[in-house]
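Residue-level structural notes
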Amino acid sequence: MLEIKGLSKTYGSKVAVDSLSFTVSPGEVFGLLGRNGAGKTTTIKMMLGLVAPDSGSVSWNHQKGLRHASYGYLPEERGLYPKTKVVEQLSYFAKLEGMGKNDIKKSIDYWIERFDIGMYKNKLAGDLSKGNQQKVQLVATLLHNPDLIILDEPFSGLDPVNTNLLTEVILEEKEKGKVIIMSSHQMDQVEKFCKDVVLMKDGKAVISGDLAAVKDSYGMMNLSLYGNLPGLAKFCAANDYPFAEEAKRIIVSLKKEQDPLTILSQIKQEGVGVSEVTYLQPTLHQIFIDKVGS
């Protein structure tokens, strides 16, 4: 289990991470989200011991730091040697992880076949497409069978076929009981995998917890109304009710805590009819824009 408690980091007057806390259990994929500059990469670097935190702690299975953990890290930036053959640098990365010769060959052969890049194993990494370089980096991240997997923009450069392939691999690793951290701007992918998320803005967690509960708390009631549309539009604008005009009707959106009966009674005098009432759960993309968008 990975535990982050009160993690903070300041660079001069810039607060990069401010008292961030979360826990990830085995067999879970955790979403670390936010705009560029929100503090995600600094958080990852503190987790890995690459940057010392000003305060707070990182622990693995109740022991301080990750020195007792086997982890694989896929950075957002390319981390390959462009003038070195794929198989040679994968072997080098595996040796750095303390793997034996036989295990190295077996693991590289398995993952190269799994990611369908066998035809490139003796090619220079710099000669590969962006997508195939990404798959080589994914092999380097996974080949030593780490217990903790950190994926920063894992779907970058992948076409739909390879996106599906990586999806299968992540779900397989999840089923093996791995602890997985995913940082991505592709909210649809995050929704596929993550049980819990933290959404960062200016170093702080503006949303944290169970994704299903977060989405439910942002649920909205939509009233589809017709009748005196000019009067209704004026009424909604005056009362700050979000609305949109659509095909001779107006769609009024209410927050979950707002009582639709209240607004219905208020607009009764406007001569408005109600054709439909629906409950909509927003996407993570919509929540992301609402909380951290400009």
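Scroll up a little and you will see the structure.
Here goes a summary of the coordinates provided. Predicted model only: the values in this text are computed from it and were never measured.

What counts and how
Residues numbered from 1 in each chain as written. Predicted model: local features only at pLDDT ≥ 70, side-chain atom pairs only at ≥ 80, totals over all residues. Heavy atoms only, no water. Axes fitted to C-alpha atoms, helices over the stretch in contact; angles between N-to-C directions. Helix = DSSP H or I, 4+ residues; strand = E, 2+ residues; numbered from the N terminus. Parallel < 35°, antiparallel > 145°, perpendicular 65-115°, else oblique. Left-handed = near helix turned anticlockwise from the far one by under 90°. Contact = heavy atoms within 4.5 Å. Nonpolar A, V, L, I, M, F, W, Y, C, P; charged D, E, K, R; others polar. Buried < 20%, exposed > 50% of the residue type's maximum accessible area, 1.4 Å probe, protein only. Phe/Tyr/Trp six-rings, centres within 6.5 Å; stacked < 30°, edge-to-face > 60°.

As a packed pair, helix α2 (residues 86-96) and helix α3 (residues 101-114) sit with axes 10 Å apart at the nearest point and diverge in direction by 125 degrees. Classified by the angle between their axes, α2 and α3 sit oblique to one another. Crossing geometry of α2 relative to α3 is assigned as right-handed. Residues Val87, Leu90, Ser91, Ala94 and Lys95 of α2 form the contact with α3, whose own contacting residues are Ile104, Ile108 and Ile112. Looking at side-chain class alone, the contact of α2 with α3 contains six nonpolar, one polar and one charged residues.

In this model, serine 19 sits at a positive phi of 50 degrees, which is unusual for a non-glycine residue. By the secondary structure assignment, serine 19 is in strand β2 (residues 14-24). If you check the backbone angles, aspartate 202 has positive phi at about 55 degrees while not being a glycine. Of note, aspartate 202 is situated in the loop between β9 (196-201) and β10 (204-210). You can call aspartate 202 exposed: its relative accessible area is 51%.

On to the packing of aromatic side chains. The final tally for this structure, using the stated rule, is seven aromatic pairs. Ring centres of tyrosine 81 and tyrosine 92 lie 6.4 Å apart, and the angle between their planes is 65 degrees; on these two criteria the pair is classed as edge-to-face. You can see tyrosine 81 sitting in the loop between β6 (71-74) and α2 and its partner tyrosine 92 sitting in helix α2, a full 11 residues away along the chain. Ring pairing ties together the aromatic residues Tyr81, Tyr92 and Phe93, which thus form one cluster.

At a closest axis distance of 9 Å, the pairing of α2 and helix α4 (residues 130-142) adopts a crossing angle of 25 degrees. Here α4 runs roughly parallel to α2, going by the angle between their axes. The interaxial crossing formed by α2 with α4 has right-handed handedness. Where α2 approaches α4, its residues Val86, Leu90 and Phe93 are matched on the opposing element by Val136, Val139 and Ala140. Partitioning the contact of α2 with α4 into residue classes produces six nonpolar, no polar and no charged.

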